[in-house]
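# Survey of secondary and tertiary structure
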Amino acid sequence: MTTPKADKPAAGQRFKQIPPENLTPEQRVLADAIRSGPRSAVKNSAAAKPGPLGGPFNVWLRSPGIGNLIQSLGAEIRFRSTLPPKLNELAIIVTARQWTSQYEWFAHHRLALEAGLDPAIGADIARGRRPAKMSEDEAIVHDFSRELHETQGVSDATYQTALDRFGERGVMDLIAVNGYYVLVSMCLNVDRTPLPEGVSLPLPPLPRRG
């Protein structure tokens, strides 16, 4: 059976990319903030590529006031978290898997690997499995994040374990990265944001719960 290509979604991308010369003044402020911020230093980021903004940024342009708040929050969560990059990216790919956000996974799985995440951990998460071999810190972040998504909260034991390891600020940063990337997943999934041409969908479908 042929794997469907993400660059040709069933009904096409909903928010068409806007050429830079067609941006309104308010949209240009947002675009400039994204391109001049820390995302622009990330190799292959949609913020670092010339031409129209892609990824979730293209969606945010439709409401640039909100979009500017979102991008500022995202920069804080991604680049100034108390969680090390590997653990932050681990929480992001757990979120991407929960939402089957193909673009989010495509963008952040490679960043997780570059930050030192074992590829076997990513492979297990992609298949909806709890990874068999994780460090103590990885297990805390994975279990907290997955439980938060699946139960809309965390148990006392899960909370205390995270608190003991990361402190109150670390727990807040962990909640924030999960919540923020739910919003990003929503934007990407509603948009049907395509992957680069020729790239297959990285996340297989999971059985529906209930």
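Note that the coordinates shown come from a computational prediction; the quantities given were computed from them, not determined experimentally.

### Side note on the overall build of the protein chain
A tally of helices and strands in the protein chain yields eight helices and zero strands. Counting from the amino terminus, the protein chain carries its helices and strands in the arrangement α-α-α-α-α-α-α-α. Since a compact globule built from 210 residues should have a radius of gyration of about 17 Å, the 17 Å found for the protein chain is in line with a globular shape. Principal axes of the C-alpha set define a box for the protein chain whose edges measure 50 × 45 × 30 Å. Counting over 210 residues, the protein chain shows a buried share of 44%. For the protein chain, long-range pairs separated by at least 24 residues make up 70% of all intrachain contacts whose partners lie at least 6 apart in sequence. Across the protein chain, the mean location of the 25 positive side-chain charges is 8 Å away from that of the 22 negative side-chain charges.

### Some remarks on the layout of surface pockets
Quantified by volume, the largest pocket comes out at close to 510 Å³. In terms of lining residues, the largest pocket is bounded by 29 residues, among which S45, A46, G55, Y103 and A107 are the most central. Only α2 (55-60), α5 (102-114) and α8 (156-191) provide two or more residues apiece to the lining of the largest pocket. Looking at the lining of the largest pocket element by element, the count peaks at seven residues for α5. Considering only residue class, the lining of the largest pocket consists of 16 nonpolar, eight polar and five charged.

### Observations concerning the side chain of N178
Its place among the elements puts N178 in helix α8. The class of N178 is buried, set by a relative accessible area of 1%. Residues within four places of N178 in sequence aside, it is in contact with A91, T95, S145, L148 and H149.

### Some details on the packing of aromatic side chains
Counting across every chain of the model gives three aromatic pairs. Each ring, one from F57 and one from W60, has its centre 5.4 Å from the other, and the planes form 75 degrees; the classification is edge-to-face. Residue F57 and its partner W60 are located together in helix α2, separated by three residues, close to a single helical turn. For F57, a relative accessible area of 6% translates into the label buried.

Thresholds applied
Residues numbered from 1 in each chain as written. Predicted model: local features only at pLDDT ≥ 70, side-chain atom pairs only at ≥ 80, totals over all residues. Heavy atoms only, no water. Helix = DSSP H or I, 4+ residues; strand = E, 2+ residues; numbered from the N terminus. Rg over C-alpha atoms; globule rule 2.2 N^0.38 Å. Buried < 20%, exposed > 50% of the residue type's maximum accessible area, 1.4 Å probe, protein only. Contact = heavy atoms within 4.5 Å. Lys, Arg positive; Asp, Glu negative; His and termini not counted. Charge placed at Lys NZ, Arg CZ, Asp CG, Glu CD. 1 Å grid on protein atoms, 1.4 Å probe; cavity = no way out; pocket = protein on both sides within 12 Å on 5 of 7 lines; lining within 4 Å. Points joined across faces, edges and corners; volume = space filled by probe spheres on them. Nonpolar A, V, L, I, M, F, W, Y, C, P; charged D, E, K, R; others polar. Phe/Tyr/Trp six-rings, centres within 6.5 Å; stacked < 30°, edge-to-face > 60°.

So, to be careful, I would describe these as geometric facts and stop short of saying anything about function.
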